[in-house]
Amino acid sequence: MIIAIDGPAASGKSTTAKKVAEKLNYTHLDTGAMYRAVTLFFLDNQTVLSDPNQIQHSVDLIRLKFLQDQTLIMNDIDVSAEIRTGKVTDYVSEVSALKQVREKMVHLQREIAKFQDVVVEGRDIGTHVFPKAKFKFFIIADVEKRAQRRFNEMKNKIGDINFKDVLLDLKERDKKDASRKISPLKKAKDAIVIDTTSLTIDEQVDKIIDIVNNKIHNRS
Ligand code: DC
């Protein structure tokens, strides 16, 4: 069974998807991490984004694998930490908008979900990758609240950052992710919206689990 969770950056998708997967004993698939890994590869190899041949060449060289504990391995190297750095975040919207990149990642995502139950999180999961997913959720939250969450998270890791910059970065990324030509961030018509602005992580997880259990056990 597939549970699709889409939504903008810092909406609480990742933590929610991870916990929902744990509670249901499903595999958690973080597709944003995959686009981040491709971005890291492109940066390391100085792939020119205006050159389709170079893009294809780089895409062909990338091998991605998630371990059981969600460690992401790219070409035999653990890239789980490096894909979260600022330089990757700055370029990921541009790289993830490229057709060749999306084609390969979507193919891989469908392969991973073929033989197991998964909670898949991203931007285009309910609309494009798994349009027939049994459950589709679209997680939203006020941009100020999302920026505050991201700011708190980064402050502990990086220290010297400023709230306004975090807010501007988020708005910029939202705009790019929602306006790109291929598979933009968009709510699927049949997705259930969960507004997490004033919810705790546990509350949003419980909401999803309740909806899933109710439907599976025909209680609604
Ligand atoms: O969820 P995240 O912030 O780690 O995702 C990083 C970027 O990857 C995000 O800016 C948009 C892109 N992305 C995408 O285009 N499609 C997905 N299914 C998941 C992420």
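Every chain is numbered on its own, with residues counted from 1 as its sequence reads. Given that the model is predicted, a residue must reach a pLDDT of at least 70 before its local features are reported, and side-chain atom pairs must reach 80 or more before they are shown or counted; all residues, however, enter totals for whole chains, interfaces and linings. Water and hydrogen atoms play no part in the side-chain values, which are based on all heavy atoms of the structure.

S.K.: Can you help me understand the side chain of threonine 197 in this one?
M.R.: Secondary structure counts use DSSP, requiring at least four H or I residues in a row for a helix and at least two E residues in a row for a strand, with both numbered from the N terminus. Within the fold, threonine 197 resides in the loop between strand E8 (192-195) and helix H9 (201-216). Burial classes follow relative accessibility: with a 1.4 Å probe on protein chains only, a residue under 20% of its type's maximum area counts as buried, one over 50% as exposed, and anything between as partly exposed. Under the relative-accessibility criterion, threonine 197 is labelled buried at 16%. Pairs of N or O atoms within 3.5 Å make up the polar contacts considered here, provided that, within protein, one atom can donate a hydrogen while the other can accept it, and that residues adjacent in sequence are counted only when both atoms are side-chain atoms. Polar contacts involving the side chain of threonine 197 include one to the main-chain amide nitrogen of aspartate 142, which spans 3.1 Å. Within the structure, the side chain of threonine 197 is placed 2.5 Å from the side chain of aspartate 195, a separation counted as a polar contact. Two residues qualify as a contact provided that any one of their heavy atoms is within 4.5 Å of a heavy atom in the partner residue. Aside from chain neighbours lying at most four places away, what touches threonine 197 is Ile140, Ala141, Asp142, Lys145 and Arg149.

S.K.: What am I meant to see in the site of the ligand here?
M.R.: By convention in these notes, a residue is near a molecule or strand provided one of its non-hydrogen atoms lies within 4 Å of it. With respect to spatial proximity, 17 residues lie near the ligand, and among them Arg36, Arg102, Asp124, Arg173 and Arg180 are the closest. Between the ligand and arginine 102, the relevant distance is 2.8 Å, taken from an oxygen atom to a side-chain nitrogen or oxygen of the residue. One of the side-chain nitrogen or oxygen atoms of arginine 180 is found 2.8 Å away from an oxygen atom of the ligand. When isolated, the ligand has an accessible area of 440 Å², and the protein chains bury 97% of it. Reported accessibility uses the Shrake-Rupley method at a 1.4 Å probe radius. Residues are deemed covered only where the shown protein chains occlude them.

S.K.: So what exactly am I meant to see when it comes to helix H4 (residues 86-96) here?
M.R.: Two residues of an α-helix separated by three or four positions point the same way, owing to the 3.6 residues in each turn. All of the buried residues in H4 are Val88, Val92, Ser93, Val95 and Ser96. End-on, the buried residues of H4 take up no more than an arc of 170 degrees, which puts them together on one face. Elements that come into contact with the buried residues of H4 comprise helix H2 (31-44), helix H5 (99-112) and helix H8 (163-179). Working note: the arc is built from the helix axis to C-beta atom directions.

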